[in-house]
Amino acid sequence: MWIPTEHEKYGVVLASFRGTVQHGLPLEIGDTVQILEKCEGWYRGFILKNPNIKGIFPSSYIHLKSAHVKNKGQFETVIPVEDSVITEMTSTLRDWGAMWKQLYVKNEGDLFHRLWHVMNEILDLRRQVLVGHLTHDRMRDVKQHITARLDWGNEQLGLDLVPRREFSMVDPDEISVTELYRLMEHRHRKKETPAPASTHHLFVHVKSLMSANLGEELEVFFHIYDGRENRPLSERFFVKLNKSGLPKSPEKTERQCTLFVDLGSSDLRKDVYIVVHIVRIGRMGAGEKKNLCSVQYRRPFGCAVVSIADLLTADSKDDHLLKVYACNTESEWHQIHENLIKKANSRYNLSGSNTGLAVALQLLHGDIEQLRREYMVLFTRGVSITRKLGFSDVIMPGEMRNDLYITLEKGEFEKGGKSVARNVEITVYVLDIDGQILKSHVAAGAGEPGSDEYHSLVLYHNNSPRWAEQIKLPIPVDMFRGSHVRFEFRHCSTKDKGEKKLFGYSFVPLMQEDGRTLPDGTHELIIHKCEENTSLADCPRYLKMPFSKANLPSNNQTLKGPKESFWITSFLCSTKLTQNGDMLDLLKWRAHPERINDSLSKLKEIDGSEIVKFLQDTLDTLFGILDESSQRYGLKVFDSLVHIINLLQDSKFQHFKPVMDTYIESHFAGALSYRDLIKVLKWYVDRIVDAEHQDHIQQVLKASEYIFKYIIQSRRLFSLATGGQNEEEFRVCIHELFMSIRFFLSQENKSTSPVAQTQAVFLRTFPAVYGELLKIFTVREVAGFVRETLGSLPTAVHADCLEAVKLQCITKTVESQLYINPESRCILLPVVLRVLQAHMQEQKDLVMCARILTSMLSLIKKEENGTAEPVVSEEVELIVESLLGVLLRTILEISNRPQPAGPAMRLQFQDVTGEFVACLLALLRQMSDRHYQQLLQAFSSKDNLRDFLLQIFTVFRILIRPEMFSKDWTVMRLVTNNVIITTVLYLSDALRKNFLNDKFDYKVWDSYFYLSVIFINQPCLQLESFSPSKRKKILEKYGDMRVMMGCEIFSMWQNLGEHKLNFIPAMIGPFLEVTLVPQPDLRNVMIPIFHDMMDWEQRRSGNFKQVEAKLIDKLDSLMSEGKGDETYRELFNSIIPLFGPYPSLLKKIERETWRESGISLIATVTRLMERLLDYRDCMKLGEVDGKKIGCTVSLLNFYKTELNKEEMYIRYIHKLYDLHFKAQNYTEASYTLLLYDELLEWSERPLREFLNYPMQSEWQRKEYLHLTIVQNFDRGKCWENGIILCRELADQYESYYDYRNLSKMRMMEASLYDKIMDQQRLEPEFFRVGFYGKKFPFFLRNKEFVCRGHDYERLEAFQQRMLNEFPHAIAMQHVNQPDQTIYQADAQYLQIYAVTPIPESQDVLQRDGVPDNIKSFYKFNHIWRFRYDRPFHKGTKDKENEFKSLWVERTTLTLVQSLPGISRWFEVDKRELVEVSPLENAIEVIENKNLQLRTLITQCQSRQMQNINPLTMCLNGVIDAAVNGGLARYQEAFFVKDYIMNHPEDGDKIGRLRELMFEQAHILEYGLAVHEKFVPQDMRPLHKKLVDQFHLMKSSLGIQEFPAYVRASPVHFTNGSPRTCRNSVPNIISPDGGRGVARRSYPAVNRYSSSSLSSQASNEVSNITGQSESSDEVFNMQPSPSTSSLSSNHSASPNVTSSAPSSARGSPQMAEKHKHSRENACLSPRDRPVSAIFPNPMDPAQRAPPHQIGDATLPRSDPNLSAPDKVRPTPSSWSLDSVKEGAPSFSDSFGKMLCPPVPPRPPYSGSSAKNMRSQSPVSASRSPQKTTVPPFTPSPTECQSTSLVSNSPVLSGSYSSGISSLSRCSVSEASGTELPAGDHASHPLPPPGTLPNSVSSSSDEPIRRENKTPPPYSVYERNNPRRPVPLPHSLSIPPQTDPPALPPKPHQLRTGSMKLDGTSDPRVPRPRPLPRKVSQL
């Protein structure tokens, strides 16, 4: 039976448990669980990180831990009873763990590794804490380290700042808000600005001296030197180096490492240096021979200098190589460092080119104890301490030091009868009182231990040597008296074995008779002569002699006579000895009572460091004098005491305050002193008002804290001694003293007056007295003193400085022990509040006010749970009454002020705002119901209440601002929000009661709603964005505050009644913002408000247009900010009631009378949201990709066509433009900007400033847009389009007579023409992309698009790019249409294959003599339709001849807009499928090969070819294949009796095929003739072989000689085609202008007639006829085998193999493996003849189109045909041929040009394409609608009826943006009108010069293709009158008289199958002309 657990509540999982039992809960090791019940070895409970899933688990898997249980019962929570730091570590490491892995995913390697190390470190420290073996101090250090690490990690990961006190996390509910703010601020500041250290230390480590010429030992001396004052700052650090230049004792690191300690901040200057002197030990001369002498001398070697400032900038511990300069002239040795500092280096040599002293130098900061902790290794390893000369900036009590420094300055010596000067060496000894040498008390410097003697340098032959050597004598204090220092002088001879001969000595005693030490300074010592063997052991004898010339008796001439002298400088640094006589006199006052007065007077002149040395002795002396003769010396002693107390205020001595405190507590014994001290103090206070000089009185008042300490302590000692006698008298004295103080404080004075300054001095020290008074007086008495004293200050104070001091005094009062006590607080609070209120109202000293208020409110919180609840409540009441209003005003005031400029000021500004905010929150949190009631009742009028509510709502809005608190202060923000929502709930009642119905006040309600909305939308309340653990904590503590506020909004809205109309539509935006928060409950509460709004708006105005407009605008701006989600769209749209009790909006609307318009609105909004959500998701990505552009296009279209929102439309046009521009899609960018350009007229209407456009006229903006667009067209190499805009601009300039700009424009136009002719354009590839599956965004989902590839982009690259854009997509490996399972799949499928463009502009492409540079534009621009062919076998496949069953499935895709346009891809609007029979396929293949041959022959004839190789290869391929059975296979397949019998309807086609074969043979014969003419000599054998093979081919075809119609006049290609005038019924499916380069990936275009000889010069026959692939390069093109050739297997059936009969490839005998490799061509893109899915990558060279020829649309004369036989070419249903062809028509009725393409029409009667899958009625012949039609385009841009200027879809469509013009153009459902016309034959073609100026729109209208969104780019639709332009010579009509080159070809009239009805497709909508809506933008 399951029993609820009592104690087993919390545990940790020891081993993972799979939870495979029934109701088992899977556990992982380390999880923490809460246990609810237990049963026989099992527990039931849940994992703390996922409390929703409960289950059972074995108890043996759990390690139990003790825990507190809160809210026992169903909703209990457990808190582990363990160190809070451990708990925090555990939870933080869990959070970090997940984020740490993400760092790896995001490739943030550096942080990943650093965090890993920190996490390991924390785990290690956690282990140490858990084990519990640490000492208290170590535990503290470890916790500090842990919290520092946790904070670092949180900061790096962007997590929240954790408020802590003593390393433990603080619960914000358990402390006051002000205290919480202080903790956060403290942690924040600590993070920001570490306090600069006041003391610094220099670490020096000597490595070695690098020099080539050493060979002697060296001594290196370092010291710090002040270059400004030319004196050393530190003692010397001394290192010995061996002969190699390395330290002598490498094992003893303290001998080579030192710390120069206690450098002050003032010492880190540029002119403070590290000076190094190097001395060598050895022979006198550096180059002397060894055997001359064995005596060692100390001789100068060199010097180095480095500035300390250099170390501040260098890296922490760089090794420095110091340059060593050698001293050339030894007389300058003493100042070599000064000269180096002055940069006088030239007089010294570097002691070697590579000489240098290698040292490590590092500056360390902080006190020495801190360094010991931080650099433990340094101190444990050993480092010597090198002290400063003198004391550090701060003297610490207890510091022991007694060092005497003596510097050997210089000497003056006589020659001593020698011809040369002496080599003098000094030996220094220290001797004690008995004359014994003190051992080890002479130190050359720190680092080396002291020795018994010291030998100076020897300067060679110098009688006036200057050594400047400093030595240190660390003599103990007790040995100082009687000791002296002796200096012995010896001459060092370089001869006589190098002896040192004594010739004199000096001495100096260390202490004088009266106990004073040797004074600091320079002393000139007397040199006493002596012989070498003189014994100096008898000290007393020479000590009686004078030692210094300064203390010689005036009559002693004997010693003054000699010139020899010796100078030393002494400096004593001692904490025990003094050189000051006055100090000694005072301390020995009993010995000389008569000197007391004098000594007390001189005390002020004594140096402070001397006084603090003897602080206790001095104080004892002063109180001893006071006790013995208070009458006589009372005032003097008091003044001396004041002087000493104030001396301790100095920063240098402030650490001696504790020494004085200890003295007062433990050593002070003046039990009677209090009377005298009070008396003197009162005497001074009484004299304040009258005294002229206040300086001394101010000094007295400064010391009042310690004076009171002495008074109180003295009184306590007296009470103890006497049992409390004279208590009353003492109290009276104190009261009188305070009366005097109050009197002087009450004086009103100007701020400059001395009395005011004295008042300020007193107020500064007064709060320090409270604690002392409390030792004797009760709390109430002291509070009374304070209240009366502070109350006595004049209220109207004129002195600003006094005001500030007064506030400081109150601050200290509030922070004192006195105020903490509730008893005294109630006495002091009114005084404090009065002062605060006055200051805050005047906005003065706000920083201090904030501090006071913070302290007051933090105290209130502490008492909340105590006994003094009523007292607290009263205090809150008092504070609310006096300060709430003024506090709100202050916050408003400082928030609206401009922020100060300086960073320090700004910090202070933020601090004070934050503190006031914290105070307000603390106060509001303390307020109970009673307080709120009293507050609201206190307002005298409604206006006051209204002002208060507006004020508090505004302040709350300020508190919610993101910049109010730092980003990581989530804890503080949550507390703030909790307080706000609590307060708002109280205040909403007041709003309902006082401001509804007839008292309705819009402003207050609006403020309320606005506050609620921004409250809900705060980032810190969006729980969805937090980690699960953080979300759980917040929900447990505060719940979801957004839902609470949402319910409150709903409730208040319901109360409004008819006043709701005031908030429509203003509140739509804000409320919409709330509903976008992804919180189901909140949404369910808010959505009905919209229904309500719509309902009320409907009642008011009969519609809700306002609601709709506002809703849409706001949606756009909110979604752009990243709000909203899929669920939200469903909530708006879904009929199912979602989540809570409210039905969805749609369901509510359906019950209304206005449901139709309501549902329509919801549908529109939903569709808009789909697009906006897609847009937002795409914009989050980094790179500009197709997805972003496609999404923007989708949205742009929606705003235009569905919403008619002009401004939004234009905004998105510019967003799209920016995207294109960034991606360098310049052509698309131009088309996009044209959309805006289209909305503008050439008018002078002024336009407002908009986006980046200034205020300007419409004309100027349109001009600017035109120029920008032309520039982009130029960059995108779309020059033809730019030319049109140039012309339009030129017309404008011409009309304004602006010839300057007109000239520029014409030049620009000319430059564009030049570029067309001169520059190479790359031909783009086109790819069809299908996006299948539900995971794609709405604008792509289950749609297919055609995309224009980038330059040089092949299928593989394109496919890879698409997969990169959609990384989760799966590439489909077939081209079949997917089924419904793929459409509905929860995945992304991409189907990509290449497609061939079908050009519209046939006339240009087929025209003879038009350069390829021009044609290339028309091949790949303004393309609406694309084609893809898939070969397949129908029926049984003939293994011998597969051509019999090889069909082609041809897919034609029609786009909604032509490419290029405003996007690189457009959606497929229509998809048509036809099947091409094997026979038709064969016809098409041969036709295309013939066309290719003709083209090459013509190019060769006209010398357009550089070499003849392409023609050679083409001839070779065709002839070779034909000989080896290529054409024979066709004969076998289609010319056999069986086929003709079974397909009687194909008779004409068979004839056509035979005719084409003959034609091919004829062309080949002609081609060989041309080839013979041009073939180079080395290729003659090949030519001969070709001729031989050609004869074989003829015989295989059974051709003996050509028929009459083939044999004709000499071959001459007039129009690039031997087929001059056969009747042409063009292929209705693909009349494309095609590509000259028919790549493998693009199957052949089906064409049966001369119109097909236009552009698609594919190489299919080369495959059929076995052409070798090596010819590809030679052709400048890649052969694209047709469906009938060796097809690659992108057909549905894997069994279809390549079947072209050929000797080279595809023969029936082809090896199986080869077949297999072909079958898998889809998957291996290397060697595929045809693959629409994976085309071969090609070189740019291979892309250049061949020079194409042939113009089937020009009328031609054929001498062999009678007039009726001349069949007119029928224009394609997709091209503009109908406008351009001038041939007469067969019929009087004219067919409408239809949109849907149809299967290929047979060229003879009765034939039709088999198995047509998508059929639509079509008129077989297309006739022009006008009788006079220009037959060709004079130039790409000139003729109105064609190309760019026409209304044709060719250009107007392609220039369209994909969006119809703003005023929507509805597409008519009716079919196009039928136009009557006469017989075309009766209207001859006009001559070239008489072209009509314009063609009326009626001629264009029926031709216009269906377009979902008619193009708005109507630049091309405007019929601007143009002058007729004569045709260029190159494009003129060929003369009719010229006979054709080749004889005409046989033909039959193929009109039988053409239906000549004039019916038109009723499905084709007719576009209406576009009305213009003039933009205001």
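Since we're looking at a predicted model, the values are computed, not measured. (Residues numbered from 1 in each chain as written. Predicted model: local features only at pLDDT ≥ 70, side-chain atom pairs only at ≥ 80, totals over all residues. Heavy atoms only, no water.)

J.: Help me out: how do you make sense of the overall build of the protein in this one?
T.: For the protein, the count of helices and strands is 64 helices and 42 strands. Counting all 1977 residues of the protein, 58% fall into the buried class. (Helix = DSSP H or I, 4+ residues; strand = E, 2+ residues; numbered from the N terminus. Buried < 20%, exposed > 50% of the residue type's maximum accessible area, 1.4 Å probe, protein only.)

J.: Looking at this model, I keep getting lost on helix H19 (residues 704–722). Mind explaining?
T.: An α-helical turn contains 3.6 residues, so any two residues separated by three or four positions project in the same direction. Over its 19 residues, H19 extends 26 Å from the first C-alpha to the last, a length consistent with the 27 Å expected when each residue adds 1.5 Å. Immediately beyond the C-terminal end of H19, within one or two residues, lies Gly723, with a positive phi of roughly 75°. (Expected span 1.5 Å × (residues − 1).)

J.: Explain the nonpolar core to me, please; I cannot follow it from the model alone.
T.: Inside soluble globular proteins, nonpolar side chains tend to come together where they are buried. Tyr710, Met856, Phe916, Phe1009 and Phe1071 are the most contacted members of the largest nonpolar core, which totals 293 residues. If we ignore the near neighbours within four places in the chain, the residues touching Tyr710 are Leu619, Phe623, Leu641, Ile645, Met660, Tyr663, Ile664, Phe668 and Leu677. Cys303, Ile341, Cys539 and Phe547 belong to the second-largest nonpolar core, a separate cluster that totals 57 residues. (Core = buried A, V, L, I, M, F, W, Y, C linked by side-chain atoms within 4.5 Å. Contact = heavy atoms within 4.5 Å.)

J.: What is the right way to look at the pattern of salt bridges in this model?
T.: For side chains bearing opposite charge, pairing can occur when the charged atoms are close. Counted by the stated rule, this structure contains 83 salt bridges. Across the pair Glu448 and Arg255 runs a salt bridge, and its minimum N-O distance is 3.5 Å. One end of the pair, Glu448, is in the loop between strand S24 (424–431) and strand S25 (453–455); the other, Arg255, is in the loop between strand S14 (237–241) and strand S15 (257–264), and 193 residues separate them in sequence. In this structure, the salt-bridge partner of Glu1484 is Arg1450, at a minimum N-O distance of 3.0 Å. Placement of the pair is Glu1484 in helix H52 (residues 1478–1501) and Arg1450 in strand S39 (residues 1446–1459), with a sequence separation of 34 residues. The pair formed by Glu1484 and Arg1450 is uniform in burial state, with each residue classed as buried. Within this structure, Asp171, Asp173, Arg925 and Lys1037 form a network of salt bridges that share partners. (Salt bridge = Lys/Arg side-chain N within 4 Å of Asp/Glu carboxyl O.)

J.: Before we go on, may I ask you to explain the packing of helix H56 (residues 1547–1574) against helix H57 (residues 1580–1597) in this structure?
T.: It is at 11 Å that the axes of H56 and H57 come closest, and there the two elements cross at 160°. As summarised for this structure, H56 and H57 are arranged roughly antiparallel, according to the angle between their axes. The crossing of H56 and H57 is left-handed. Residue-level inspection shows Met1557, Gln1560, Ala1561, Leu1564, Glu1565, Leu1568, His1571 and Glu1572 of H56 in contact with H57, the latter providing Arg1580, His1583, Leu1586, Val1587, Phe1590, Met1593, Lys1594 and Leu1597. Here the contact of H56 with H57 is built from residues that sort into nine nonpolar, three polar and four charged. (Axes fitted to C-alpha atoms, helices over the stretch in contact; angles between N-to-C directions. Parallel < 35°, antiparallel > 145°, perpendicular 65-115°, else oblique. Left-handed = near helix turned anticlockwise from the far one by under 90°. Nonpolar A, V, L, I, M, F, W, Y, C, P; charged D, E, K, R; others polar.)

J.: Can you walk me through the sheet that holds S25 in this structure?
T.: Strands pair in a sheet through their backbones, by hydrogen bonds, and they do so in one of two ways: parallel or antiparallel. Sheet architecture is open: five strands sit in the order S25-S24-S27-S28-S30, paired in antiparallel fashion. Bordering the open sheet on either side are S25 and strand S30 (528–529), each of which pairs with just one other strand. Here eight bridges tie S24 to strand S27 (residues 484–492), and the two strands are oriented antiparallel to one another. Within S27, the residue paired with Val430 across the bridge is Val485. (Pairing = 2+ DSSP bridges.)

J.: Hey, could you run me through the confidence of the model for the protein in this one?
T.: It should be kept in mind that the predicted coordinates are not to be read in detail where pLDDT is low. In the predicted model, the protein carries a mean pLDDT of 74, and 73% of its residues have values of at least 70. Between residues 862–868, whose pLDDT stays under 50, and residues either more than four places distant or in other chains, the model counts seven contacts. Taken as a whole, residues 1604–1976 scores under 50 in pLDDT and shows 1026 contacts with residues more than four places along the chain or in a different chain. (pLDDT = per-residue confidence, 0-100.)

J.: Would you mind showing me how to read the sheet that holds strand S21 (residues 356–365) here?
T.: Judged by pairing direction, the sheet is mixed, and its five strands sit side by side in the order S18-S21-S11-S15-S22 without closing on themselves. The sheet terminates laterally at strand S18 (319–323) and strand S22 (384–386), the two strands that pair on one side only. Each neighbouring strand pair of the sheet contributes to a mean axis angle of 35°, computed without reference to strand direction. Strand direction decides the pairing type here: strand S11 (residues 199–210) and S15, joined by six bridges, are antiparallel.

J.: I tried to follow the environment of Thr976 on my own but got confused; where do I start?
T.: Topologically, Thr976 is positioned in helix H32 (residues 970–994). A relative accessible area of 2% places Thr976 in the buried class. Distance in space between the C-alpha atoms of Thr976 and Phe956 is 9.1 Å, their sequence separation being 20 residues. Apart from residues no more than four positions distant in its own chain, Thr976 is found in contact with Leu921, Leu959 and Phe965. Side-chain polar atoms of Thr976 contact the backbone oxygen of Met972, separated by 2.7 Å. (Polar contact = N/O pair within 3.5 Å; in protein donor to acceptor, adjacent residues only side chain to side chain.)

J.: I'm lost on the pairing of S14 in this one. Help?
T.: Moving residue by residue along a regular strand, the side chains alternate between the two faces of the sheet. Counting buried residues in S14 gives four out of five residues, a clear majority hidden from the surface. Pairing between strand S12 (residues 217–226) and S14: five bridges, direction antiparallel. Paired with Phe222 across the two strands is Phe237, which belongs to S14.

J.: Looking at this model, I keep getting lost on the packing of aromatic side chains. Mind explaining?
T.: Under the criterion given, the structure shown has 71 aromatic pairs. For the ring pair Phe221 and Phe238, a centre distance of 4.7 Å and an interplane angle of 5° mean the geometry is stacked. Of this pair, Phe221 sits in strand S12 while Phe238 is found in strand S14, placing the two residues 17 residues apart along the sequence. Phe221 gets classed as buried once you look at its relative accessible area, which sits at 1%. Counting every residue linked through ring pairs, the aromatic cluster contains Tyr674, Phe708, Phe718, Phe730, Phe738, Phe744, Phe762, Phe766, Tyr770, Phe777 and Phe785. We note Lys1262 situated over the ring of Trp1242; from NZ or CZ to the ring centre the distance is 5.4 Å. (Phe/Tyr/Trp six-rings, centres within 6.5 Å; stacked < 30°, edge-to-face > 60°. Lys NZ or Arg CZ within 6 Å of the ring centre and 35° of its normal.)

J.: Quick question: what am I supposed to make of unusual backbone geometry here?
T.: For residues that are not glycine, phi is negative in most cases, and the peptide bond is trans in most cases. Put simply, Leu1459 and Pro1460 share a cis peptide bond, and its omega is -5°. Residue placement: Pro1460 occurs in the loop between S39 and strand S40 (1465–1476). Phi at His23 takes a positive value of approximately 60°, unusual for a residue other than glycine. Checked against the element boundaries, His23 lands in the loop between strand S2 (10–13) and strand S3 (32–39). According to the relative accessible area criterion, His23 is exposed, its value standing at 59%. The backbone phi angle of Gln1224 is positive, close to 65°, even though this residue is not glycine. By the secondary structure assignment, Gln1224 is in the loop between helix H43 (1206–1222) and helix H44 (1226–1238).

J.: Would you mind going over the packing of helix H31 (residues 942–960) against H32 with me for this structure?
T.: Each pair of packed helices can be described by the angle between their axes along with the distance between the axes. Relative orientation of the contacting elements H31 and H32 amounts to 155°, with a least axis distance of 11 Å. When the axis of H31 is compared with that of H32, the two are roughly antiparallel. Handedness of the crossing formed by H31 with H32: left-handed. Contacts between H31 and H32 involve Lys942, Leu945, Phe948, Leu949, Ile952, Phe953, Phe956, Leu959 and Ile960 from the first element and Thr976, Asn977, Ile980, Thr983, Val984, Leu987, Leu991 and Asn994 from the second. Among the residues forming the contact of H31 with H32, the class breakdown is twelve nonpolar, four polar and one charged.

J.: Honestly, the side chain of Asp1546 in this entry has me stumped. Any pointers?
T.: Secondary-structure assignment places Asp1546 in the loop between helix H55 (1537–1542) and H56. Although Asp1546 is buried, it makes no salt bridge; Lys1549 carries the closest opposite charge, 4.0 Å away. Among all residues touching Asp1546, those that are not within four sequence positions of it are Leu1479 and Tyr1539. (Lys, Arg positive; Asp, Glu negative; His and termini not counted.)

J.: Please explain the side chain of Ser483 as it appears in this structure.
T.: Mapped onto the elements, Ser483 comes out in the loop between strand S26 (466–473) and S27. Residue Ser483 is classed as buried on the basis of its relative accessible area, which comes to 2%. In this structure Ser483 touches Leu431, Asp432, Ile433, Leu438, Pro509 and Leu510, once residues within four positions along its chain are discounted.

J.: Please clarify how the pairing of strand S31 (residues 565–574) should be interpreted in this entry.
T.: Most of S31 is tucked away: eight of the ten residues are buried. Looking at chain direction, strand S23 (residues 402–412) and S31 are connected through ten bridges and run antiparallel. Looking at the pairing, Glu412 lines up with Ser565 of S31. Two elements, strand S29 (residues 521–526) and S31, share six bridges in a ladder whose sense is antiparallel. In the strand pairing of S31, His523 is matched with Ile568.

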